[in-house]
Amino acid sequence: MEMFKRSVCLFVFALMIVLMFASPGFAADSPIQFIYYERSDGEVIMIDYQEALELASTQPFPRPKLYEAAQMNVQNALANYRDVWIETENGVVIYYSEAINNGLSYNEAVQHILDNPNTSPYETSRPDPDFEMYLNDLNQIALRSPQPLNYPGWLITNDTTIIWENISGYWVIDIFIDEAELPNSYDLGDIDEVRVMGNKALRQSGTNRWRVVIPGAEDDEMTIEPGDVKLLIGSTVYY
């Protein structure tokens, strides 16, 4: 009888996880941005859930690897009583495993936070991840240092320009670097390379402007996100 109860519980638990991740609209008012889960060795892994959904929408077959990894690792962490956190697009971090321990679904945890602002035990601070899980250029699951959530101080975001160039069909992106904010008292001349979205940018001689042209379509949503601009100074990459 005990074995039967255990089987039923595991089935219900697995079904709950599948339903939670079955659609990006499972909690339309609080869409997930990031997932953090505790691995068996205690390290915390971060997954950009929105990126996983975007990959799933463009590569539906075979089943998207990053999306599947999000499901599998959350299920595994919860099944083994390890911590899981969910960060919504508006920056609220939900202590999801604690909600599960107390018998609450994701939507119920969100509602509890709304009903108890600043006092809900399910609203917490963002964990400090050890690694970020992502899909590399070989379409394989890999780990890397977590990508930053904020822009670096040396990137002058207010001056960044993104222009669609009609004749060539390219995006022209200009970024500007604040020399006074460079780490370790570096100056602009110390910068060996600047890359924007993985593309090498060229400096306008004698200025703090770097330009890159990227192919695309006029109706693309082209924006610079934290981590998109990287500096190579010596053997160190800064972003």
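K.L.:
Go over the overall build of the chain, please, and point to the residues and values.
P.N.:
Summing up its helical and strand segments, the chain has five helices and 14 strands in all. Among the 239 residues that make up the chain, the fraction classed as buried is 37%. Contacts in the chain between residues at least 24 apart in sequence constitute 54% of all its contacts with a sequence separation of at least 6. Looking at the chain as shown, the accessible area adds up to about 13,800 Å², and 50% of this sits on carbon and sulfur atoms.

K.L.:
Describe the environment of Asn76, naming the residues involved and giving the relevant values.
P.N.:
With respect to the helices and strands, the residue Asn76 is situated in helix α3 (residues 65-79). Look at Asn76 and you get partly exposed, because its relative accessible area is 39%. Spatially, the C-alpha atoms of Asn76 and Tyr37 are 9.4 Å apart, while their sequence positions differ by 39 residues.

K.L.:
Can you lay out the sheet that holds strand β12 (residues 209-215) for me, pointing to particular residues and giving the numbers?
P.N.:
Backbone-to-backbone hydrogen bonds pair the strands of a sheet. The strands run either parallel or antiparallel. Judged by pairing direction, the sheet is antiparallel, and its seven strands sit side by side in the order β8-β9-β12-β11-β10-β13-β14 without closing on themselves. What marks the edges here is a single partner per strand, and that holds for β8 (161-165) and β14 (236-238). The mean angle between the axes of side-by-side strands here comes to 30°, regardless of whether they run parallel or antiparallel. Bridge count between strand β10 (residues 193-196) and strand β11 (residues 199-203): three bridges; the pairing is antiparallel. When the sheet's bridge partners are listed, Arg195 is paired in β11 with Lys200.

K.L.:
Residue-level account of the sheet that holds strand β4 (residues 93-94), with values.
P.N.:
Spatially, the seven strands line up as an open sheet ordered β5-β4-β3-β1-β2-β6-β7, and their pairing is mixed. Edge positions in the sheet fall to β5 (123-124) and β7 (141-144), since each has one partner strand and no second. The sheet contact formed by strand β1 (residues 32-38) and strand β3 (residues 84-88) spans five bridges and is antiparallel. Counted as the bridge partner of Ile32 is Thr88 from β3.

K.L.:
Any details on the pairing of β3? Residues and values, ideally.
P.N.:
The buried fraction of β3 amounts to five of the five residues, a majority that puts the element mostly inside the structure. Residues Val84, Ile86 and Thr88 of β3 are buried on one face, and the alternating residues Trp85 and Glu87, pointing to the opposite face, are buried as well. In the sheet, β3 pairs with β4 via two bridges, with the strands oriented antiparallel. The residue bridging Ile86 from the neighbouring strand is Ile94, located in β4.

K.L.:
Please provide a residue-by-residue account of the environment of Asp192, values included.
P.N.:
Inspection of the secondary structure assignment puts Asp192 in the loop between β9 (170-176) and β10. With residues up to four places along the chain from it excluded, the contact list for Asp192 reads Leu232, Ile233 and Gly234. There is a polar contact of 2.6 Å between the side chain of Asp192 and the backbone nitrogen of Gly234.

K.L.:
Before we move on, could you go through the nonpolar core and cite the residues and values that matter?
P.N.:
If you look at the biggest cluster of nonpolar residues, it comprises 28 residues, and the most contacted ones within it are Tyr37, Val84, Tyr96, Tyr106 and Met133. Residue contributions to this core peak at seven residues, all from α3. Of all hydrophobic cores here, the second largest spans 22 residues; its members include Trp164, Ile173, Ile191 and Leu231.

Quick notes on the rules
- Residues numbered from 1 in each chain as written.
- Predicted model: local features only at pLDDT ≥ 70, side-chain atom pairs only at ≥ 80, totals over all residues.
- Heavy atoms only, no water.
- Helix = DSSP H or I, 4+ residues; strand = E, 2+ residues; numbered from the N terminus.
- Buried < 20%, exposed > 50% of the residue type's maximum accessible area, 1.4 Å probe, protein only.
- Contact = heavy atoms within 4.5 Å.
- Areas by Shrake-Rupley, 256 points an atom, 1.4 Å probe, with all protein chains shown as cover.
- Pairing = 2+ DSSP bridges.
- Axes fitted to C-alpha atoms, helices over the stretch in contact; angles between N-to-C directions.
- Polar contact = N/O pair within 3.5 Å; in protein donor to acceptor, adjacent residues only side chain to side chain.
- Core = buried A, V, L, I, M, F, W, Y, C linked by side-chain atoms within 4.5 Å.

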